[in-house]
Amino acid sequence: MTFFQAIILGLIQGLAEFLPISSSGHLALLQYFFGVDSEQVLPFAVLLHLGTLISVFIIYRKDIGDLILELGRLIKDIFTGKGLRINSNPTRRLGFMIIVATIPTGVMGILFNDFFNNLYLNIVAVAIGLILTGIILAVAEKMGKSDKDVYGMKFRHALFVGVMQGIAICPGISRSGSTLFGGLISGLDRKFAVKFAFLVSIPSILGSVVLEAPAAFEQGMDMSLLGPVIAGVIVSAVSGIIAIKWMIKVVSDKSLTGFTIYVWLVAAAVLGYALIGA
C-alpha cells in the first residue's frame, strides 16, 4: 500500500463515516479497484476507525466530558442508595439512551459479523447497500418538523436508532444516514438527532475495533507500512472533523438530496461495471 492509497483511503473513511454515503461501502470499492489485498489492509482499516473516533471526541468533547463526569455521579448515587435517577438531568438521561441504543447494534454485530464481512467481497452487494442508503436519505429528507429533546426521547426510540445502526454494518448502508433516519422517524429535533447519531457511534466504532483487532493484528503489521498508516489515520481524523461539521449544517438545512443522488449514481456505476465485467 502506497502513501497515495493510504491518504485516499483515510480521506474516504473520514468523510464517508460521518457523511451519509457509507464509509464501509466506499472502502470496499476502493480496495477492490486499487487491488489492495484485504488481509494487508485489515489492520489499517481498524486504525482508520480510531482516526474517525478522534474526530467525534474533538467535536463533541464537552458532551463526552459531561457524560464521563455524570458516570462518576451515577456510580456515587448507586453506592449511596439513591438509585439510577435516570431523569435527574439531561446528561444522565442521554447516557442511558446511548447505552440502550448500543445494545441492539452490539447484538447484531456479534451475531452477523461473518455474514457482513462476506458482503465486503461482493461489489454488487455494496451497490445494493448504497441504493438502500439513498432510499433512507430520501425518506429522512421528507420528515417534517420534529421537536423531541432528550426528555422527549423514549427507550423505544433509542432501541430503534440502535437497530438502524446495526443494519448499517452492511457495506453500502450508511451508519450516519441510518441513525439519523432512526432519530428523525422517532420525532427527534434535527440537531439533537445528529448529535445523538454521532455520540452513539462511539461505542459502535469501539466495538468494531474490538471485534476486528484480534484477527487484524494476528500476523502483526508490516512495519514498512507504518508511514502510510500514520498518514492515513491523520487524514481520517481531519476529514472526519470536516464531515461532522458539514453534516450538522446539512441536516439543519434539510439538504440531503445531493447525497441521495450521489449514492444512487455510485450504485448505478458499480452495477454497470459488474454487468459489463460479467
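Let us look at the structure shown here.

## A word on the packing of aromatic side chains
No. 1: Here the structure, examined in full by the defined rule, presents five aromatic pairs.
No. 2: By way of ring pairs, the aromatic residues F18, Y60 and F198 are connected into one cluster.

## Thoughts on the environment of K195
No. 1: One can find K195 in helix α10 (residues 190–199).
No. 2: In this structure K195 comes out as partly exposed when scored by relative accessible area, which is 24%.

## Quick word on α10
No. 1: Extensive coverage of α10 is indicated by the burial of eight of its 10 residues.
No. 2: The opening residue of α10 is D189, an N-cap whose side-chain oxygen sits 3.2 Å from the backbone nitrogen of K191.

## Points about the packing of helix α5 (residues 90–111) against α10
No. 1: Their axes nearest at 10 Å, the elements α5 and α10 cross at an angle of 60 degrees. Taken together, the axes of α5 and α10 are oblique relative to one another. Crossing geometry of α5 relative to α10 is assigned as right-handed. Within the contact between the two elements, α5 uses L94, M97, I98 and A101 and α10 uses F192, F196 and L199.

## A short note on unusual backbone geometry
No. 1: Even without being a glycine, S22 presents a positive backbone phi close to 75 degrees.
No. 2: Following the sequence through the fold, S22 ends up in the loop between α1 (3–18) and α2 (23–34).
No. 3: Taking relative accessible area as the criterion, S22 reaches 1% and is therefore assigned buried.
No. 4: For R85, which is not glycine, the phi torsion reads 45 degrees and is therefore positive.
No. 5: As for its placement among the helices and strands, R85 is situated in the loop between α4 (61–79) and α5.
No. 6: Relative accessible area serves as the criterion here: at 41%, R85 is assigned to the partly exposed category.

## A look at the pattern of salt bridges
No. 1: For the structure shown, the criterion picks out seven salt bridges.
No. 2: For K62, the salt bridge identified is with D66, shortest N-O distance 3.1 Å. Placement of both K62 and D66 in helix α4 is noted, with a separation of four residues, approximately one turn of the helix.
No. 3: On the basis of relative accessibility, which here comes to 26%, the residue D66 falls in the partly exposed class.

## Some words on the environment of V235
No. 1: Within the secondary structure, V235 sits in helix α12 (residues 226–252).
No. 2: Between the C-alpha atom of V235 and that of L9, which follows or precedes it by 226 residues, the distance is 8.9 Å.

## Focus: the side chain of R175
No. 1: Here R175 is to be found in helix α9 (residues 175–185).
No. 2: Exposure remark for R175: the relative accessible area of 10% places this residue in the buried category.
No. 3: Only 3.2 Å separates the side chain of R175 from the side chain of Q165, close enough to count as a polar contact.
No. 4: With sequence-adjacent residues up to four places away left out, R175 is seen in contact with E17, F18, Q165, A168, A197, F198, S201 and S204.

## Comments concerning the nonpolar core
No. 1: Core analysis: the biggest nonpolar cluster contains 58 residues, and Y60, L94, L180 and F196 have the highest contact counts within it.
No. 2: Of all the elements, helix α7 (residues 123–142) adds the most residues to this core, at seven residues.
No. 3: The contact partners of Y60, leaving out residues within four places of it in the chain, are V194, K195, F198, L199, I244 and I248.

What counts, and where the lines are drawn
- Each residue is numbered by its place in its chain's sequence as written, counting from 1.
- pLDDT decides what is reported in this predicted model: residues at 70 or higher carry local features, side-chain atom pairs at 80 or more are listed and counted, and totals for whole chains, interfaces and linings draw on all residues regardless.
- Only hydrogens and water are set aside when side-chain values are computed; all heavy atoms of the structure are taken into account.
- Two rings belonging to Phe, Tyr or Trp (six-membered ring only in the last case) form a pair when the distance between their centres is within 6.5 Å. Interplanar angles under 30 degrees mark stacking, angles over 60 mark edge-to-face geometry, and anything in between is tilted.
- Here a helix means four or more residues in a row that DSSP labels H or I, a strand means two or more in a row labelled E, and each is numbered from the N terminus.
- Only protein chains enter the accessibility calculation, which uses a 1.4 Å probe; a residue is then buried when its area is under 20% of its type maximum, exposed when over 50%, and partly exposed in between.
- In the analysis that follows, any N or O atom pair within 3.5 Å is treated as a polar contact, provided that within protein one partner can donate a hydrogen and the other can accept it, and provided that, for residues neighboring in sequence, both atoms belong to side chains.
- Axes, fitted as lines to C-alpha atoms, cover a helix only where it is in contact. Angles between the N-to-C directions of the axes lie from 0 to 180 degrees.
- When describing relative orientation, an angle under 35 degrees is termed roughly parallel and one over 145 degrees roughly antiparallel, while 65 to 115 degrees is termed roughly perpendicular and anything else oblique.
- For any helix crossing, the convention is left-handed if the near helix is rotated counterclockwise from the far helix by under a right angle, and right-handed if that rotation is clockwise.
- Contact definition: two residues touch when any of their heavy atoms are within 4.5 Å.
- Each salt bridge in this description consists of a side-chain nitrogen of Lys or Arg and a carboxyl oxygen of Asp or Glu lying within 4 Å of one another.
- Nonpolar cores are built from buried Ala, Val, Leu, Ile, Met, Phe, Trp, Tyr and Cys residues. Side-chain atoms within 4.5 Å join them into one set.

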